[in-house]
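# Descriptive structure summary
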Amino acid sequence: MSIKINDVFYVSPEGEDICEYCGKIAELRPYGKNGANICYECGMKDTETTQEMLGKCAVGVKKVVISTGHNNPNEKKSINKEVLLPFGTHTIYITLDDDKIYKLNEDLSREEVQDIPQASRENPIVVMHKAQFDYAKGNKLNKFSDFKMSEEMAKIYNKIGFISDLELVKFLEY
Ligand SMILES: [Zn+2]
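The written sequence of each chain sets the order in which its residues are numbered from 1. Thresholds applied to this predicted model are a pLDDT of at least 70 for local features of residues and 80 or more for the giving and counting of side-chain atom pairs; totals over whole chains, interfaces and linings are not thresholded and use all residues.

At least two DSSP bridges between two strands are required for those strands to pair. Elements are defined by DSSP. Helices are runs of H or I of four residues or more, strands are runs of E of two residues or more, and each kind is numbered from the N terminus. Within the open sheet, the four strands sit side by side as β8-β7-β6-β9. Their pairing is mixed. Pairing within the sheet leaves two strands with one partner each, and these edge strands are β8 (110–113) and β9 (125–129). Pairs of neighbouring strands in the sheet enclose a mean axial angle of 30°, with direction left out of account. Of the pairings in the sheet, the one linking strand β6 (residues 91–95) to strand β7 (residues 101–104) comprises four bridges and is antiparallel in character. Following the sheet pairing, Ile92 is matched in β7 by Leu104. Most of the contacts of helix α4 (residues 130–140) go to β9, to which it runs at about 55°, and overall it touches β6 and β9. In this description, a line fitted to the C-alpha atoms serves as the axis of each element, helices being fitted only across the stretch in contact, and the angle between N-to-C directions of two axes falls anywhere from 0 to 180 degrees. Any two residues are considered in contact once their C-beta atoms, placed from the backbone, lie within 7 Å.

Written out as structure tokens, the structure reads:
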């Protein structure tokens, strides 16, 4: 997370979590109303609040330090299976490369559905797009990257179809 110590603002990789606005798994920033942790897209939908919260975070800041995860003033939060796939509370939908929509079952099998239902408080959903994952894949599957995923996560991503068998083998063979 990003924190302010005296007049230095430490911006660090936030790790991924569930956006408090749209339920998507993404890198979050505390720029929602009352400091809600939200994704970039949701932040851009209400730029006024984002600007206001960003302003609050950066008040009196003389120096901004971008941390890469090492020497992080806070422990880097690592993503686990429950955070990525909160089956207990959410219905999870994924899209792959075939323009179809799948509902993900708890055993990580998937079934095709016609569309993604509207999310509501009673029916919270998580939607994960492979195309979006592909964007960050280079870093996530790079053994030498600070953002590389755990082997456990790689296996889960492989099961749901986001990482090919070949990519998984390459990532694990060290
Ligand atoms: Zn969001």
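Moving on to the pairing of β6. Consecutive side chains along a regular strand alternate between the two faces of the sheet. Pairing geometry for β6 and β9, over five bridges, is parallel. Directly across from Tyr93, in β9, lies its bridge partner Val127.

Now for unusual backbone geometry. A positive phi angle is found at Asp99, which is not glycine, with a value near 60°. On the neighbour-count criterion, Asp99 (6 C-beta atoms within 10 Å) is exposed. The backbone of Leu108 shows a phi angle near 75°, a positive value even though the residue is not glycine. Note that Leu108 resides in the loop between β7 and β8. Here exposure depends only on C-beta density: within 10 Å of a residue's C-beta, 20 or more other C-beta atoms make it buried, 12 or fewer make it exposed, and intermediate numbers make it partly exposed, the C-beta atoms being placed from the backbone.

In this section: the nonpolar core. Ranked by size, the top nonpolar core spans 20 residues in total, and within it Cys19, Ile38, Cys39 and Ile94 carry the most contacts. Residue assignment for this core shows that the elements contributing at least two residues are β4 (25–27), β6, β9 and α5 (151–160). If you tally residues by element for this core, the top one is β6, at three residues. As used throughout, domain bounds are those supplied by an automatic or database domain assignment. In this structure, this core is formed jointly by two domains, domain 1 (3–66) and domain 2 (81–172), each of which donates at least three residues. Take the buried Ala, Val, Leu, Ile, Met, Phe, Trp, Tyr and Cys residues, join any whose C-beta atoms are within 7 Å, and the set you get is a nonpolar core.

On to the packing of α5 against helix α6 (residues 165–172). Each pair of packed helices can be summarised by the angle the axes make with each other and by the distance between the axes. At a minimum axis separation of 10 Å, α5 and α6 run at an interaxial angle of 170°. Regarding the angle of α5 to α6, the classification is roughly antiparallel. Only Asp165, Leu168, Phe171 and Leu172 of α6 make contact with α5, whose side of the interface consists of Glu151, Ala154, Lys155 and Asn158. Here the contact of α5 with α6 is composed, by residue class, of four nonpolar, one polar and three charged. Should an angle fall under 35 degrees it is called roughly parallel, over 145 degrees roughly antiparallel, and 65 to 115 degrees roughly perpendicular, with every other angle called oblique. We call Asp, Glu, Lys and Arg charged. Ala, Val, Leu, Ile, Met, Phe, Trp, Tyr, Cys and Pro are nonpolar, and the rest, Gly among them, are polar.

On average, residues of the protein carry a pLDDT of 79, and 76% of them reach 70 or more. Confidence drops under pLDDT 50 across residues 66–77; counting only partners more than four residues distant or on other chains, this segment forms 20 contacts. A residue's pLDDT is the predictor's confidence in that residue, given on a scale from 0 to 100.

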